[in-house]
Every structure is written in structure tokens, then in C-alpha cells.
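# Topology and contacts: notes
Given next are the chains, with one letter for each unit.
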Amino acid sequence: MKAVVLEKHGDLNSLLIKNIPDPICKENEVVVEIKACSINHLDIFVRKGMPGHPINLPIIPGGDASGKVIEVGSNISTDWIGEKVLIDPNIKLPSGRIGIMGEDADGVLCEKISVDPSRLIKLHENMDYYKAACLPIAYGAAWRMLITNGRIQPGEQILVLGASGGVGNACVQIARMFDCFVIAGTSSDEKAQKLMELGADVVINYSTEPDFHRTVRSMTGDGVDVAVNYTGGDSWIKTLKCMKTNGRILTCGATAGFDPKTDIRFIWRKELQILGSNSWTKHDIESLVIAVNDGIINPIIHEIIPFQDISRAHQIIESRNFFGKIVISF
Ligand SMILES: NC(=O)c1ccc[n+]([C@@H]2O[C@H](COP(=O)([O-])OP(=O)(O)OC[C@H]3O[C@@H](n4cnc5c(N)ncnc54)[C@H](OP(=O)(O)O)[C@@H]3O)[C@@H](O)[C@H]2O)c1
């Protein structure tokens, strides 16, 4: 079968397409024929290498995939054959720690994969493989950040920075699901227009309004209840300035830099809470699948790209010139 293989960290040329042996179906596993994968910013970090987080190379990258069960191990019911499924990227590593496929273990950018069926979420026959593949990492992380850890409440004012990306689109939709007032931040007027169509109440273009905290303050008076900031970098102190007393800042990443300058005076004076989130649960993904089936959440796809053009998918994400998810088709 064909697979994307990363043998060394580097630029787009480090994404190799190779022929590797088909997976052997273990007795307690099933083989899934992959139909769609979605690319996350995590895939860019894995390709380039992350300080303090070594990746065992070579690795098959990619964490999000949907597909069809085509083979079952000797201990698994044949009822699984033909099931449409989504794979939970969380995986128990030999050390006992939970890791993510495509980062801590081989991932899903390959034609077939053998997995423990306890990690599969069955999909309704009408569910679109491409939309399903958008869900686990980006929408799962947003679900955990806003609902489980952020405990967002109807009527709260929520600022979402980087709202045009995968996690960002998910945050906007989940916040709207809770009847929150959503202020979305993005970097272009074109993306701003799309965010309004997605349901944001107000959009700020921080390329033309770099002091976006002033706009947020003038709009809200005393600041927002909740801010979602997985951007880090220059946006961190400005986010502290956007907050209401007792506000919650939710974070799950640092796309623009993990060691930003901070100003702890805002944290104590306003008694802010900074709440980190990592990963998701299988139940979160199941809840998301139901929300998509019910038409409450609609994963936005920027482009579907053939497997062979994986490097173009990475190039688009790095260009920052996209809205929603980049999906790979097989
Ligand atoms: N801990 C977890 O479990 C978890 C799970 C998923 C994601 N994450 C993290 O969450 C972040 C977002 O992930 P994602 O997959 O949604 O990313 P993405 O689709 O690439 O979107 C990131 C968005 O951030 C904005 N941005 C601001 N500054 C940027 C910069 N310097 N470079 C690139 N983008 C910048 C861009 O939107 P605008 O143009 O609108 O500003 C971009 O679209 C990443 O840091 C990722 O590692 C963490």
C-alpha cells in the first residue's frame, strides 16, 4: 500500500510517498480502508520537529481519518465488515501513556490501517467521510476546551482568535450552539466575511486592527467572559487586556509561539483563570458525530486534495490562506 512517510524533519520535500507492506490484521483488531484524512496544524509541527518533544522517526504522519472496515481479526465479530467508521486518534502507547497517532505512533496517512475496534466510532451511512475526518483533533480539542474545561454558558461573550482555522471554526460553532455572543478574530476581510456567515456575531480583522483589545473593550465595556487563545505569540498580552474580571482564557496550543511575553498584573487584578486543554475523549468525538448528524455542527472544508498532493495540503496550511479544514482524499 501507499503511505506518507516522514524520515527526517524538514520542509515540504520531507513528506515522502512510499510503498510499504499492507497491515497485518491482529486477532483483536480490524483493518480500516482509509477514505479521508484531515490535516491539522499538528502535522506541520510534526513535520518540522518540536522543541522538547522528540518524534520517533520514521513515522507515518496524520491523526484524523475516516474509512471502511474491510477485514476483522479472528477474535472480532464479522459484523464490523463494511462499517463506516471514524478513528479516535488517541492511542495507548507501550509505556502506558496516551499519545496521538501521527505524533507518538504511526498515523493515518496511508491506504489501510489495523486498529483496535474500541477506538472506532461507527458513522451513520449518510455521513460524509470528508466531514467526519475533520472532527477528532480540531473539533474534539475545541469541544474539550469550551465545554469540559471552559464550561461556557449561554449568553457569555466569547472571543475566538485564529477563528478561521480548524479549531477556530469549531470554537465558533460550539459557542453558537451554546447561544454565546461570539467575537471572532482573524487576519483578512475575506475570512471575516466567512466567519460572519458561520455565525460569529462580530468579527475583528487583527491585521488591520492590531490593537484588537481596544476594539474588544470598546465593544463590550468591561471585556469578554471567555477568550480562546491557542495562538500565543504577540496575541497573549492583548488577550489578557480583553478580559472581564474573573474571565477565563482557554488555550490548547501556541501556533505563533509558546513563550510569549506576559503581564501578570492583569491576571491578579482581574482574578483571571487560564485553563489549559489537551486532547479530547472518545465520548467528545461521539457527541460531535451526533451534532453533525443533527445539523448543529457543520465542519467547514476549504479544499479536498488527493493523497499524492500531501505537500500542497501542508503548503496551504503554512500559507495561512485558507478557511476551515484541508482534507485528503484516497
Ligand atoms: N492540545 C490539543 O489537543 C490540540 C488539538 C488541536 C489543535 N491544537 C493546537 O491548536 C492550534 C490550532 O490548530 P489548527 O489545526 O486549528 O490550526 P490551523 O487550522 O492551521 O489554524 C490556525 C489559525 O491560527 C491563526 N494564526 C495566528 N497566528 C498564526 C501564525 N503565526 N501561524 C499560523 N496561523 C496563525 C490563523 O488564523 P487567522 O488567519 O484567522 O488568524 C490560522 O488559520 C495549533 O497550535 C495546534 O497545535 C492543540
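The residue count restarts for each chain, going from 1 along the sequence in the order it is written. Local features are withheld for residues below a pLDDT of 70 in this predicted model, meaning they are given only at 70 or higher, and side-chain atom pairs are given and counted only at 80 or more; totals for whole chains, interfaces and linings count all residues.

### Here we look at the nonpolar core
- In plain words, the nonpolar core is the set of buried Ala, Val, Leu, Ile, Met, Phe, Trp, Tyr and Cys residues that C-beta atoms within 7 Å link up. Counting other C-beta atoms within 10 Å of each residue's C-beta, where C-beta atoms are placed from the backbone, gives the exposure class: buried for 20 or more, exposed for 12 or fewer, partly exposed between. In this structure, Ala 142, Ile 158, Val 160, Cys 171 and Val 228 are the most contacted members of the largest nonpolar core, which totals 95 residues.
- Helix numbers and strand numbers start at the N terminus; a helix is a DSSP run of H or I with at least 4 residues, a strand a run of E with at least 2. The dominant element in this core, judged by the number of residues it contributes, is helix 3 (residues 135-149), at nine residues.
- The split into domains, and so the bounds of each, comes from an automatic or database assignment of domains. Each of domain 1 (2-134 + 299-329) and domain 2 (138-276) accounts for three or more of the residues forming this core.
- If near-sequence neighbours (up to four positions away) are discounted, Ile 158 is found in contact with Ile 152, Ala 175, Cys 180, Phe 181, Val 182, Ile 183, Val 224, Asp 225, Val 226 and Val 228. Our contact criterion uses C-beta atoms placed from the backbone: two residues qualify when those atoms are within 7 Å.

### Section: the sheet that holds strand 15 (residues 273-276)
- Pairing between strands is defined by DSSP: at least two bridges between them are needed. Taken together, the six strands give an open sheet; going across it, the order is 12-11-10-13-14-15, and neighbouring strands pair in parallel fashion. Whereas interior strands pair on both sides, the edge strands pair on one side only; in this sheet they are strand 12 (202-205) and strand 15. Between one strand axis and the next, the sheet turns by 20° as a mean value, whatever way the strands run.
- Examined bridge by bridge, strand 14 (residues 243-251) and strand 15 share four bridges and lie parallel to one another. Following the sheet pairing, Thr 251 is matched in strand 15 by Gly 276.
- The convention used is that axes are lines fitted to C-alpha atoms, helices contributing only their stretch in contact, and that angles between N-to-C directions extend from 0 to 180 degrees. Here helix 5 (residues 189-198) sits on the sheet in contact with strand 11 (181-186) and strand 12, set at roughly 165° to strand 12.

### What about the pairing of strand 4 (residues 64-72)?
- Pairing of strand 3 (residues 30-39) with strand 4 involves eight bridges; the strand directions are antiparallel. Along strand 4, the bridge assignment pairs Ala 36 with Ser 66.
- Here strand 4 pairs with strand 5 (residues 84-87) via three bridges, running antiparallel. Following the sheet pairing, Ser 66 is matched in strand 5 by Leu 86.

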